[in-house]
Amino acid sequence: MQVTKEKDRLVVPNRPVIPFIEGDGIGKEITPHVRRIVDAAVDRSYSGKRKITWQEVLAGEKAFNEVGTWLPVETLEAFRTHLIGIKGPLTTPVGEGIRSLNVALRQELDLYVCLRPVRWFKGVATPLLHPDKVRVAIFRENTEDIYAGIEWAAGTPELKKVLTFLREEMSVTKIRFPETSSLGVKPVSVEGTERLVRAAIQYALQHRLPSVTLVHKGNIMKFTEGGFKKWGYALAEREFPDHTFTEHTFNRVKEERGLEAAVEAYNRAVTSGKVFIKDVIADAFLQNTLLKPEEYSVIATLNLNGDYISDQLAAMVGGIGIAPGANINYQTGHAIFEATHGTAPDIVGAGKANPCSMLLSGVMMLEYMGWEEAGGRITASLESLFSQGYATADLARFMEEGKELSTSEFSSKVIENL
């Protein structure tokens with residue numbers, strides 16, 4: 001049966017069909033184990049009343065080898081039809097070749113939120129003194145910015161046309177080496193900003209989190225990233241006046257009535273449960289997360305910033321191997337949950353692959369479906385295993401008393417502890 005969207009509610013049957021992409025490289029090693037663990041958690045939580053029907057769809061190298069295309073139309077159609085899906089890592093060529101399949105999926109299905117929740121598991125080694133202070137959900141805009149892919153290569157006729165237009169029609173003189181430059185366009189829209197920030201604020205309210213931080217580089221890119229900041233604040237003040245208190249409001253009260261009045265207004269707002277909407281420049285944010293990560297709970301940011309931020313925060317709690325991710329369109333209900341790491345060709349077949357990124361993405365999928373009990377079982381099992389030092393090679397080697405397990409052994413251990 002299909003998952004459907006009715007008004008603002010996701011309708012999930014007891015036997016939903018969930019399309020999955022096995023993935024390239026270690027994808028074929030971790031994906032079967034992730035499905036096995038999710039099935040076991042669902043069975044133990046609902047005593048057979050609920051069950052996922054898995055439907056494999058093709059993408060990446062497997063698709064190219066079997067049907068001659070990297071992203072078959074049938075795969076996109078399956079995700080459109082069933083709304084929810086999950087995928088392993090896919091090959092992304094650098095510099096040339098096929099377009100990023102991950103970006104293509106996000107663009108084709110308009111999955112405008114890349115949601116990356118980051119937390120620390122006790123027992124996992126990290127470079128931080130207090131990794132327990134890191135607990136943040138990143139809302140990365142997924143369809144605009146430089147990832148829109150609007151580029152022209154140096155020396156091409158197309159680029160010459162763009163350069164001519166910029167020089168003659170727009171009086172642009174700041175391209176230092178025009179004859180050898182490639183150019184790209186960075187679109188950032190009001191609509192794209194508003195739907196992302198709206199989703200971030202709704203998430204903060206739903207989970208009773210204290211703040212949403214708009215991360216940007218608006219001091220330099222004043223009309224794109226600066227626009228993101230301006231439009232984000234305006235959205236919060238227009239659509240959530242009873243549920244948010246913004247830094248803009250704080251500064252306005254400070255100018256009109258003084259600092260003491262502004263602090264009093266802030267304290268009154270947060271005490272009543274309002275979400276504080278603030279902003280920070282991206283480079284300062286990267287420093288702040290290392291020095292005072294407890295100040296951030298929900299992040300709303302643009303595409304490229306979000307790419308950097310997601311990986312840094314993942315490293316702070318032990319690495320991308322335990323970092324889940326989801327690509328979501330909250331308006332249509334479409335969502336693809338994914339492993340956030342690469343295909344790791346150097347360890348393919350060695351039994352060292354860590355399934356936890358994809359597995360925790362599976363937990364996010366279960367929570368999105370409203371099957372929180374099954375997701376909670378998996379999370380609790382991982383918490384128990386990590387605290388005892390059980391992990392795959394990438395994590396166990398850094399633990400004080402790490403007990404290295406193969407991919408298969410670790411997955412079986414997760415099921416035993418559900």
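Description of the structure in this document. (Residues numbered from 1 in each chain as written. Predicted model: local features only at pLDDT ≥ 70, side-chain atom pairs only at ≥ 80, totals over all residues. Heavy atoms only, no water.)

**Quick look at the environment of Glu256**
Looking at where Glu256 falls in the secondary structure, it is placed in helix H8 (residues 247–257). Relative accessible area serves as the criterion here: at 60%, Glu256 is assigned to the exposed category. A sequence separation of 56 residues divides Glu256 from Ala200, and the C-alpha atoms of the two residues are 30 Å apart. (Helix = DSSP H or I, 4+ residues; strand = E, 2+ residues; numbered from the N terminus. Buried < 20%, exposed > 50% of the residue type's maximum accessible area, 1.4 Å probe, protein only.)

**Focus on the nonpolar core**
Here is a general trend for soluble globular proteins: nonpolar side chains tend to be buried in one another's company. Counting 80 residues, the largest nonpolar core has Ile84, Phe139, Ile378, Leu382 and Phe386 as its most contacted members. Per element, the largest residue contribution to this core is nine residues, and it comes from helix H12 (residues 356–368). The residues contacting Ile84, other than those within four sequence positions of it, are Val3, Leu10, Ile18, Pro19, Ala335, Phe337, Met365, Tyr368 and Met369. (Core = buried A, V, L, I, M, F, W, Y, C linked by side-chain atoms within 4.5 Å. Contact = heavy atoms within 4.5 Å.)

**Topic: H12**
With 13 residues, H12 ought to run about 18 Å at 1.5 Å a step, and its terminal C-alpha atoms sit 18 Å apart, in line with that. For H12, the complete set of buried residues consists of Cys356, Ser357, Met358, Leu359, Leu360, Ser361, Gly362, Val363, Met364, Met365, Leu366 and Tyr368. In the stretch just after H12, Gly370 is the one whose phi turns positive, near 90°. (Expected span 1.5 Å × (residues − 1).)

**Thoughts on a nonpolar patch on the surface**
A cluster of nonpolar residues, Phe165, Met170 and Val172, forms a patch on the protein surface that exposes about 270 Å² of accessible area. Tracing the sequence through the fold places Met170 in the loop between helix H5 (157–168) and strand S9 (183–184). (Patch = residues over 30% accessible without salt bridge, like charges linked within 9 Å, V, L, I, M, F, W, Y side chains within 5 Å. Areas by Shrake-Rupley, 256 points an atom, 1.4 Å probe, with all protein chains shown as cover. Salt bridge = Lys/Arg side-chain N within 4 Å of Asp/Glu carboxyl O.)

**Looking at the side chain of Thr193**
Its place among the elements puts Thr193 in helix H6 (residues 190–206). Under the relative-accessibility criterion, Thr193 is labelled buried at 1%. Of note is the side chain of Thr193, whose polar atom sits 2.8 Å from the backbone oxygen of Ser189. Filtering out sequence-adjacent residues up to four positions away, Thr193 remains in contact with Glu144, Val188, Phe228, Trp231 and Gly232. (Polar contact = N/O pair within 3.5 Å; in protein donor to acceptor, adjacent residues only side chain to side chain.)

**Focus: the packing of helix H10 (residues 282–291) against helix H11 (residues 303–316)**
Two numbers describe how H10 lies on H11: the axes approach to 11 Å, and their chain directions differ by 10°. One finds that H10 runs roughly parallel with respect to H11. Along the contact surface, H10 presents Ala282, Phe285, Leu286, Thr289 and Leu290, while H11 presents Asn305, Ile309, Gln312, Leu313 and Met316. Of the residues belonging to the contact of H10 with H11, the class tally is seven nonpolar, three polar and no charged. (Axes fitted to C-alpha atoms, helices over the stretch in contact; angles between N-to-C directions. Parallel < 35°, antiparallel > 145°, perpendicular 65-115°, else oblique. Nonpolar A, V, L, I, M, F, W, Y, C, P; charged D, E, K, R; others polar.)

**Structural notes on the packing of helix H1 (residues 27–46) against H12**
Running from amino to carboxyl end, H1 crosses H12 at an angle of 40°, the nearest separation of the two axes being 9 Å. The angle between the axes of H1 and H12 places the two elements in the oblique class. Pair H1 / H12 crosses with right-handed handedness. Together, Ile30, Thr31, Val34, Ile37, Val38 and Val42 of H1 and Met358, Leu359 and Leu366 of H12 make up the contact between the two elements. Its residues assigned to classes, the contact of H1 with H12 shows eight nonpolar, one polar and no charged. (Left-handed = near helix turned anticlockwise from the far one by under 90°.)

**Things to note about the pairing of strand S14 (residues 324–328)**
In terms of burial, S14 is largely enclosed, as five of its five residues are buried. The alternating pattern of S14 places Pro324, Ala326 and Ile328 and Gly325 and Asn327 on opposite faces, both of which are buried. By the bridge criterion, three bridges tie strand S6 (residues 113–119) to S14 in an arrangement that is antiparallel. The residue of S14 that forms the bridge with Val113 is Ile328. (Pairing = 2+ DSSP bridges.)

**So, the sheet that holds strand S11 (residues 244–246)**
Here we have 11 strands laid out as an open sheet, ordered S4-S3-S5-S15-S14-S6-S7-S13-S10-S12-S11, and mixed in their pairing. In the strand order of this sheet, the two ends are held by strand S4 (53–56) and S11, each with one partner. For this sheet, the mean inter-axis angle between neighbouring strands, taken without regard to orientation, is 25°. Its contacts with the sheet put H12 on strand S3 (17–21), S4, strand S5 (84–87), S6, S14 and strand S15 (335–339), and the angle it makes with S15 is roughly 160°.

**Here we look at the pattern of salt bridges**
This structure, assessed with the given rule, holds 21 salt bridges. One salt bridge in this structure joins Glu56 and Lys62, with 2.7 Å as the shortest N-O distance. Using a relative accessible area of 36% as the deciding quantity, one classes Glu56 as partly exposed. With a relative accessible area of 25%, Lys62 lands in the partly exposed category. Here Lys217 and Asp283 are joined by a salt bridge, their closest N and O atoms 3.2 Å apart. Here the residue Lys217 occupies a position in the loop between strand S10 (211–216) and helix H7 (225–239), and Asp283 occupies one in helix H10, the gap between them amounting to 66 residues. On the accessibility criterion, Asp283 (46% relative accessible area) is partly exposed. Via salt bridges that share partners, Glu194, Arg198, Arg238 and Glu239 belong to a single interconnected network.

**Digging into the packing of aromatic side chains**
Given two aromatic rings, one states the distance between the centres and the angle between the planes to describe the pair. Under the criterion given, the structure shown has 11 aromatic pairs. On the basis of an interplanar angle of 85° and a centroid distance of 6.2 Å, the ring pair of Phe20 and Trp54 is categorised as edge-to-face. Here Phe20, found in strand S3, pairs with Trp54, found in strand S4; they are 34 residues apart in sequence, far enough to count as distant. Neither residue differs from the other here; Phe20 and Trp54 are each classed as buried. Their ring planes at 70° and their centres at 5.4 Å tell us that Phe121 and Phe386 sit as a pair that is edge-to-face. Taken together, the residues Phe121 in the loop between S6 and strand S7 (135–141) and Phe386 in helix H13 (residues 372–387) connect sequence positions 265 residues apart. Exposure remark for Phe121: the relative accessible area of 1% places this residue in the buried category. Taking relative accessible area as the criterion, Phe386 reaches 1% and is therefore assigned buried. Here a set of aromatic residues connected by ring pairs shows up, and it is made of Phe121, Phe386 and Phe410. Positioned over the ring face of Tyr390 is Lys403, at 5.3 Å from the centre of the ring. (Phe/Tyr/Trp six-rings, centres within 6.5 Å; stacked < 30°, edge-to-face > 60°. Lys NZ or Arg CZ within 6 Å of the ring centre and 35° of its normal.)

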